[in-house]
Structure formats: C-alpha cells, structure tokens
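Residue-level structural notes
Residue strings, one per chain:
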Amino acid sequence: MLTKVENKKYFLHYKIDHIPDRNITLFEYDNIIFLYDRDTELLFEIPNECLPHIMQYVKESRTNILASSRCAEFIKIIQKNLELKNNTMNSITIRDISKVSEENYLKLIGRIGLTELILETTNACNFRCRYCIFSGLYDGFRIHGNDFMSFDVAKKAVDLYYKLFDTYKYLNPLRDPKIGFYGGEPLLNINLIENVVEYANKLFAKYKENLLYTLTTNGSLLGKYAEFLLQNNFQIFVSIDGPKEVHDTNRILANGAPTFDLIMNNIEQYYRTAEKLGKQTTLFALATLTLKSDLFKVREFFNKVKNKIRLIFTTFIRPFDTREQYTPEDYYKFQEMEKSLREEFLEYVKSQGWVKEGDIFFDVYYGQRIILAACRYKIIRPMNEYLPFGSSCLPLYRIYVTAQGAILPCEKSPTNLVIGDVFNGINYRSIQKIIKTYSELQLYNCSKCQIKFSCRSCIATIYPMENIEQKCAMFRRSVMDDLALLIQVIKTNRDYIEYLRRNVSRSGSLLHLFS
C-alpha cells in the first residue's frame, strides 16, 4: 500500500512504499507510479495496470506471473535490472581503511583528490551575517575571531600542497593546481595573499600557465584590490543573496549596517578597473537562501545582473545543528511561494525558455538539483573505495588550512576534524579514524535506507553526530523530492536535462562534474 507523504522541505505531496529486502522504492507522483532502485539509481515509470504484477514479481521473484504482454515486458526489464544489480553489487569491494597503508591511500588521493588548497587567510570578518556558519548559531564550528594567517604558515601549506601535487601528477595528468583564499573575509589579509601569489608563482613555475587562484569574498573590499586580483587572473566568488531588500535582511556589517549598496559599488569599481586594464572578466555569485527569502525577487535580480555577476550556486542555510528557528507561518509562506515558482519553472521547461531568453536563476536553483538527481551515482560512487554508502569525498580531496595552520578536510568541516597541521604534515592516523568512524556509522544506520547511495550527507555535514535521525530525515526528503522534480522535467521536456549538461558554465558550479 502506498502511503501519502508530505515533504516538509519542498512541500511536495506523493505516495511512497519501500521494499527493504530488494532496496526498491515505489512512489506515486501526479498519478504516475515509479519504481526507484536504490542500489543502481535506475528509475522506471510503471503503467498502473501492471503494478500488481510487478509488485508480485519484486516481492516473490516469480517469473511465471500471469500478466498481459505489456506487463510481461516491464517485468523482463525489471528482471534484467535486478540481475545487473546483483552482478554489480557483488563486484563492489569496500576496503578496510585500517588495513590500507598511507602510501596506497595517497595514491588514491593522487588520482581523485588534491583538487584545491584553501587557505583561511583570517577568521576575522567585517560582516556579521545572521546565518553565518561561524556566527555561533551552529554547534561544532568556530566563531568569528581575530587570527590572521602568517606567511610562515601559508608558505608551509603551499609547500605541502606542491609536494603532494607534484608527486602524484602522473596519476592525474589533467589536474591543474588551484589555490583558494577563504575567511572570514580573506581580503582583510591582502598582504598575505599578495605574498602567497608571488611565492606560488615561483614554486609552481612549471605549472604556472595552469595555476588558478580563487577568492571567496563578501565583496566589501573588491574594488580596493581589483587591480591585483585582475592582474593575477583570480576567479572570484562574491556572496550576494539577491536584491537589496533580500540581501540586507541577513548580510550586515558588524555595526548592523546594510551591505548591498557597498557590494554593488565595489562590483562597479571592479569592472571599471578591468576596463582600464583591458581585462575580460566575470564575477560569480554565491547566494544563500532562507525560508524568508523572496525567491521571485531573487530570480528577477540575478537575471537582471547576469552580465555583471553571474549566479553559479544557491544553497539554503545549514538546516540542522542550529538554534535558529522558523515559525509555521514561515514554512507555509515558503510552501506557497515554492509551489508558484515551480509552476513557472515547469512552464519555462515546457516552452524551451532556455533556448529563447534563458533564466540563470532557474538553471541554477532547479538545475543543480536536477543534475544531481540524474547523475549523482555515476559521478560520485567511484570515488568511495572506503565508504559503503553515500557521496562523501575523502580527506585530502581538498586541503583546508586554518589561520593557525591546522589541516581540515574542507572549509565546511567542524573544527574537531583535524587531519594534521602544516608544521608536522598530514596525520594519516587521524584520516583513518575519521573514515573508519564514518564507515561504521553508515553500516549501522544506512544499510536499509532508501537513499543510501545517493545521500548528500558527508563526513563534514554529519558531524557533530548528534541528531543523526533529524539529519537523515532531511536528506531523505531532499533526495526523494529532487527525484520527483527530475520526473516532472522528464515528463515535461527531457531536452532540458541535456541542455544543463551541455551548458555547465551557465548552470551552476556543480555541473562541471558532468561535462
């Protein structure tokens, strides 16, 4: 019996049934029944008249079921899927990290990781964004400080990254070196950034033409240091949440003053400097949304400014480990807004609006979710030799170094996930402990979960490990809703999915994974 479900994150209604022994989920959406295989992530549309026969086959593994020729064909397709799954699942071997040498682990990372060194130039910030992960609202994360990375720490971090990158370049010849600057507000420590660029240009001399610098900034100092950033071809990501009335709700200065006008003035100054230098450049926008964000105004804003600052990624505030609360009225208002917005999006897909005028907000806000739902298993699973489920990257996929020199898996990691420091190097025992703990947690909690291979949890987001059930429920709702969204798009106009795959530069930063 299919059970009615209300998804409280995106407010979709659908019916769902799980068959744990087969890791299969059946759900009904818009009066259409779908079978979702949680191991292979294949999705089948089931004719209504065939459902009883298919359920009988799936639950009893009987092939001599009396059914119409049409239903018999569907049973054969599902039978082939189950046979393929059995062969595939039997060939997957999850390695015990405690028995893997540091040398062999680093060779794996040499193939799939070392994608970027990220330096926390400072944990100081001139903004006090109300939702900031370093605001004190979130358990397990640092708060704003006044630490500034020294050149000695930065130099050791760059040396460590270069050694690993150069040693394992032969395992991934197409990988280019990338050094990112993060904060706090990284431009508060501009002298360090200038010194690091000068040093890295010399150290990475044989890779210099492909060495990329990135900067994640609140934009308040962008104009002041535009010439340096442009001369060194920085890829710049500016945190901006939409038009003035939306942005200034959360992104404020330490004294409480609004920041929208300040940022837009800096963006204008940045482009004036680029024109003066004869540089062609694009700034990228990172938008953080809340249940109080007016999505229609956000959409209008980013489509209006797309030639100056191109939206590349949207995210909602971290929905757990926080003392921030929303009222039932907030949820209801967002539900109604999301419903109306999705209707406009589906009309955009149906009418091939992306061929005509395009809509950068739709292509990012919905597009990144559609692509993940369609391709996540294909892209992510080959990375995880040591984790039975999920889509987490492994420590050293990226390298994040704090202002004091501690090494963390990434910029989203809680401060207790230390895997070494720049003075003593990588602590492989810490890496083993983190992976083993997370692997055991997965084996205990996830083996019967309907999204065990497509779950968006990772080593960073699951820590601290309180409220596991709340986090898992959120991830399940999110993945199943994105599947429903994918189905809507397939039924409306499947060409849109191919458009997203082809146009990665317009459709969000995640999509480079799928080109």
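Conventions used here
Residues numbered from 1 in each chain as written. Predicted model: local features only at pLDDT ≥ 70, side-chain atom pairs only at ≥ 80, totals over all residues. Heavy atoms only, no water. Helix = DSSP H or I, 4+ residues; strand = E, 2+ residues; numbered from the N terminus. Expected span 1.5 Å × (residues − 1). Buried < 20%, exposed > 50% of the residue type's maximum accessible area, 1.4 Å probe, protein only. Phe/Tyr/Trp six-rings, centres within 6.5 Å; stacked < 30°, edge-to-face > 60°. Lys NZ or Arg CZ within 6 Å of the ring centre and 35° of its normal. Pairing = 2+ DSSP bridges. pLDDT = per-residue confidence, 0-100. Contact = heavy atoms within 4.5 Å.

Moving on: helix α4 (residues 151-167). With 17 residues, α4 extends 24 Å from end C-alpha to end C-alpha; this agrees with the ideal 24 Å at 1.5 Å per step. Buried within α4 are the following residues: Val153, Ala154, Ala157, Val158, Leu160, Tyr161, Tyr162, Leu164 and Phe165.

Take the packing of aromatic side chains next. One pass over the full model with this rule turns up 32 aromatic pairs. Ring geometry for Phe228 and Phe234: centres 5.8 Å apart, planes at 50°, overall tilted. What makes Phe234 buried here is its relative accessible area of 5%. Residues Phe316 and Phe334 carry aromatic rings whose centres are separated by 5.6 Å and whose planes lie at 85° to one another, so their mutual orientation is edge-to-face. Remark: Phe334 occurs in helix α10 (residues 328-350) and Phe316 occurs in strand β11 (residues 309-316); sequence separation between them is 18 residues. An aromatic cluster of three or more residues is present, and its members are Phe316, Phe334, Phe345, Tyr348, Trp354, Phe361, Phe362, Tyr365, Tyr366, Tyr496 and Tyr499. Above the plane of the ring of Tyr365 lies Arg369, whose end atom (NZ or CZ) is 5.7 Å from the centre.

Let us now look at the sheet that holds strand β7 (residues 178-182). Sheets are built from strands paired through backbone hydrogen bonds, the pairs being either parallel or antiparallel. In spatial order, the strands read β11-β10-β9-β8-β7-β6-β12-β13; together these eight strands make up an open sheet with mixed pairing. Looking along the sheet, the strands with just one partner apiece sit at the ends: β11 and β13 (407-408). Here β7 pairs with strand β8 (residues 212-217) via four bridges, running parallel. Bridging across to β8, Lys178 finds its partner in Leu212.

Turning our eyes to something else, we now look at the confidence of the model for the protein. Per-residue confidence for the protein gives a mean pLDDT of 83, with 82% of residues at or over 70. Of the regions scoring below 50 in pLDDT, residues 1-15 engages in 53 contacts with residues more than four places distant in sequence or in other chains. Scored below 50 in pLDDT, residues 505-515 shows 30 contacts in the model against residues more than four places distant or in partner chains.

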